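Analysis of the macromolecular model
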Amino acid sequence: MAAKKKTAKKAAKKVVKKAAKKVVKKAAKRKPNAAFMKPVTPNEKLAAVVGAAPLPRTELTKKLWAYIKKNNLQDKKNRRNINADDKLKLVFGGKAQVSMFEMTKLVSKCVK
């Protein structure tokens, strides 16, 4: 009889654990930051790469990375570096190569 009680308790614990896991999965979705969604206007240098229309920073970053990948500008050995072509050199202040983190700083100077 004691063995039946132990197995019943184990089964009950498993049911409780499964129910707890299901509750955790139903957490609220993250809301995007309003500052990132505010449209920014690229200057003429950056507009040559991503277009002149005002767009959110998130979309600007997507278009910039699409341009980098399309033109194969990511460095082969060190993937964190971006090799600039003629259009990007204007955005990067004349530098031939910048890191991803430096690129963000330089691009933020080119938006209004």
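Scroll up a little and you will see the structure.
Reading the values: rules and limits
Note on numbering: residues in each chain are counted from 1, in written sequence order. Since the coordinates come from a predicted model, pLDDT governs what is reported: local features require at least 70, and pairs of side-chain atoms require 80 or more to be given and counted, while whole-chain, interface and lining totals use all residues. Side-chain numbers come from the whole structure's heavy atoms, not from hydrogens or water. Helix and strand labels come from DSSP, where a helix needs a run of H or I of at least four residues and a strand needs a run of E of at least two; each type is numbered from the N terminus. Here the expected length of a helix is defined as 1.5 Å per residue gap, with one fewer gap than residues. Partly exposed describes any residue whose relative accessible area lies between the buried limit of under 20% and the exposed limit of over 50%, with all areas from a 1.4 Å probe on protein chains only and scaled to the type maximum. Arc, as used here, means the arc of the directions from the helix axis to the C-beta atoms. Pairs of residues are marked as contacts when any of their non-hydrogen atoms sit within 4.5 Å. Polar contacts here mean pairs of N or O atoms no more than 3.5 Å apart (in protein, one a potential hydrogen donor and the other a potential acceptor; neighbouring residues in sequence count only if both atoms are side-chain atoms). Put simply, a nonpolar core is a bunch of buried Ala, Val, Leu, Ile, Met, Phe, Trp, Tyr and Cys residues held in one set by side-chain atoms that sit within 4.5 Å of each other.

Moving on, we get to helix α4 (residues 57-70). A turn of α-helix holds 3.6 residues, and therefore any two residues three or four places apart point the same way. With 14 residues, α4 should cover 20 Å at 1.5 Å per step; its first-to-last C-alpha distance of 20 Å lies within 8% of that length. If you check which residues of α4 are buried, you get L60, L64, Y67 and I68. Taken down its axis, α4 places every buried residue within 100° of arc, on the same side. Residues of α4 that are exposed and angled more than 90 degrees away from the buried face: K62, K69 and K70. Residues of α4 that are buried sit in contact with α3 (44-50), β2 (55-56), β3 (81-83), α5 (86-91) and α6 (100-108). Positive backbone phi, approximately 55°, marks N72, located one or two places after α4.

Next up on the list: the side chain of D75. Among the secondary structure elements, D75 is positioned in the loop between α4 and β3. Within the structure, the side chain of D75 is placed 3.1 Å from the backbone nitrogen of N78, a separation counted as a polar contact. One polar contact links D75 to N83, side chain to side chain, over a distance of 3.4 Å.

Moving on, we come to unusual backbone geometry. Note: most peptide bonds trans; most residues except glycine with negative phi. The backbone phi angle of N72 is positive, close to 55°, even though this residue is not glycine. Its place among the elements puts N72 in the loop between α4 and β3.

Core analysis: the largest hydrophobic core is formed by 21 residues, its most contacted members being L46, L64, I82, L88, F92 and M103. A total of four residues in this core trace back to one element, the largest contributor, which is α4. Here L88 is in contact with V49, L64, Y67, I68, L73 and I82, once residues within four sequence places are set aside.

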